[in-house]
Amino acid sequence: SVGLVKRLKAEGLDLLDASIGFNQPDVSGVPWGPGFLIDQTARIGKAAGIPVTTSWLISDPRQADRAVSEQGLDLVLIGRAALADPNWPYTAARGLQLEAPQRVLPPQAAHWLKR
């Protein structure tokens, strides 16, 4: 994977979104669980010298925060969590106890939350 990413970087790739391909009928060996691709993604990014992200089974705001602040991801993509909660950025900001969680929203929406 690292060799391929290095070649793609040389051709202009500037961000890797690591995912899992279902090219085999048996996926029983996949270690399914919250954020199961975070460590592998960070290792590939470090070895290939490219910014990396992933989105697989990341829905907890604390887990997403740790993935960036401690585990080596440059960005966390939110898919299913955002579908389940269209206000996920605000929910996450509140869950992380940010001082002004409404700042993650567009100004038009944040105005109403100041009250």
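This is a predicted model, so every value here is computed, not measured.

Student: Explain the nonpolar core to me, and be specific about the residues and the numbers.
Tutor: Counting residues in each nonpolar core, the largest one holds 16 residues, and the members touching the most others are V5, L73 and V76. For this core, the secondary structure elements donating two or more residues are α2 (38-48), α3 (61-69) and α5 (88-95). Element by element, the count of residues in this core is highest for α2, at four residues. Excluding anything up to four places from it in sequence, L73 contacts I38, T41, A42, V52, T54, A67 and V68.

Student: Tell me about the pattern of salt bridges, and please be specific about residues and values.
Tutor: This structure, assessed with the given rule, holds one salt bridge. When the shortest N-O distance is used, the salt bridge between R62 and D60 registers 2.9 Å. R62 sits in the partly exposed class, given a relative accessible area of 43%.

Reading the values: the criteria
- Residues numbered from 1 in each chain as written.
- Predicted model: local features only at pLDDT ≥ 70, side-chain atom pairs only at ≥ 80, totals over all residues.
- Heavy atoms only, no water.
- Core = buried A, V, L, I, M, F, W, Y, C linked by side-chain atoms within 4.5 Å.
- Buried < 20%, exposed > 50% of the residue type's maximum accessible area, 1.4 Å probe, protein only.
- Helix = DSSP H or I, 4+ residues; strand = E, 2+ residues; numbered from the N terminus.
- Contact = heavy atoms within 4.5 Å.
- Salt bridge = Lys/Arg side-chain N within 4 Å of Asp/Glu carboxyl O.

Any functional reading would require information that these geometric values do not contain.
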